[in-house]
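So you can see what is in the structure, the chains are spelled out below.
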Amino acid sequence: MSADDGKFDPVLFSLAEQHPGGVPELLATIAGFLNRKTDFFVGGDAGEWEKLVLKIFRKEAALAQEVARKKREEREQAERRRAETRRKKEEEERREREKAEDQSAAAITELTDAEAEKMQRELEDAKKSKEVKEPAPAAAAAEEEETEKDDDEEPEDKGKLKPNRGNGCDLEKYSWTQTLQELELRVPFDVKFTLKAKDVVVSIQRKSLKVGLKGHPPVIDGALHGEVKMEESLWHLDKNSVVVTLDKVNQMNWWEKLVLTDPPINTRKINPESSKLSDLDGQTRGMVEKMMFDQRQKEMGLPTSDEQKKQDVLKKFMTQHPEMDFSNCKFN
């Protein structure tokens, strides 16, 4: 790659925006310029211009494919880490259940005959009692789930969707996942033929995105939730799906939606383990880890790091001044 890579990007972006037909129309304009204003096509030996064009484009294609390969490997590694984390969590939950069952069995074994008889009488009395009617299992489970949901959610998060396993959202026509650094969008198309690049329309701008089939209304066409790096973002076809990878400009915040017209997700319920913190510099990583800690504390109803510092300062002051009575004081 030369030192001038990206030097003319602003000019080329401006030129590309004036070609609604996409890359074919842009290339046609460049070829027409070389035909009218230079001897590119006739100045050398027969076929020499074609060899030059193929050489340049094959070089750029190889670079693009290498970048796509590395990003694909990173996504696969992240997915493997998530799967391993889920497996360990499920294994730990299984061991906890087995431990609880063993303890329960041991407790039952240790009951004396008198205690067993007493327990049996209490169970029969409770069964006969009609004073309190127990809710049906399904209703009880629904009530418990609703109560848990209400307890966990902040007022501003009411009605927001729960993130999918990739910290994104599964919608009717497309789905997306995210890490702190990038966002991956997958748009499937139900067509009877194998899609090729010429069959789709993909336009990635700094603040907007457009994806669809040529000759059809776009599936996505709107302003993005955040800004992206156009030069680092790319797309490719996976069977009959368009896969778009967007590199975020702000790599310290989670997106709660892809485009502004999407329903938001509850970013408080995001699993931060999906983010590759090792890729961040020391200062940024510290800020992100603090943000994640505060988020977990809020979910558990515990004080954030800043609130803990304030409480520690207050406790220290009260310890140093026991003669002062703070019992009737209210602190924010």
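Provided above is the structure to which this section pertains.
Now for a quick tour of the structure. The shown structure was predicted, so the numbers you read here are calculated from the model rather than taken from an experiment. (Residues numbered from 1 in each chain as written. Predicted model: local features only at pLDDT ≥ 70, side-chain atom pairs only at ≥ 80, totals over all residues. Heavy atoms only, no water.)

A few words on the side chain of T304. By the element assignment, T304 lies in the loop between α6 (282-299) and α7 (305-320). Each residue touching T304, except ones within four places of it in the same chain, is listed here: D294, Q297 and K298. (Helix = DSSP H or I, 4+ residues; strand = E, 2+ residues; numbered from the N terminus. Contact = heavy atoms within 4.5 Å.)

Tracing the backbone shows G226 in the loop between β6 (220-223) and β7 (234-238). On the basis of relative accessible area, G226 is assigned to the buried category, the value being 18%. Between the C-alpha atom of G226 and that of E256, which follows or precedes it by 30 residues, the distance is 9.8 Å. Those residues in contact with G226 that sit more than four places away from it in its chain are R206 and W255. (Buried < 20%, exposed > 50% of the residue type's maximum accessible area, 1.4 Å probe, protein only.)

On to the sheet that holds strand β1 (residues 169-170). Pairing in this open sheet of five strands is antiparallel, and the strands run β1-β2-β3-β8-β7 from one edge to the other. Of all the strands in the sheet, just β1 and β7 have a single pairing partner and so form its edges. Here seven bridges tie strand β3 (residues 182-188) to strand β8 (residues 241-247), and the two strands are oriented antiparallel to one another. Paired with E184 across the bridge in β8 is T245. (Pairing = 2+ DSSP bridges.)

Attention shifts here to the pattern of salt bridges. Using the criterion set out here, one finds 15 salt bridges in the structure. Residues E73 and R69 are paired through a salt bridge, measuring 2.5 Å at the closest nitrogen-oxygen approach. Of the two residues, E73 and R69 are both situated in helix α3 (residues 48-109); the distance of four residues between them amounts to about one turn of the helix. With its nearest N and O atoms 3.3 Å apart, the salt bridge here joins D247 to K71. One end of the pair, D247, is in strand β8; the other, K71, is in helix α3, and 176 residues separate them in sequence. Like D247, the residue K71 is buried in the burial classification. What emerges from the salt-bridge pattern is a single network uniting E91, R94, R95 and E98. (Salt bridge = Lys/Arg side-chain N within 4 Å of Asp/Glu carboxyl O.)

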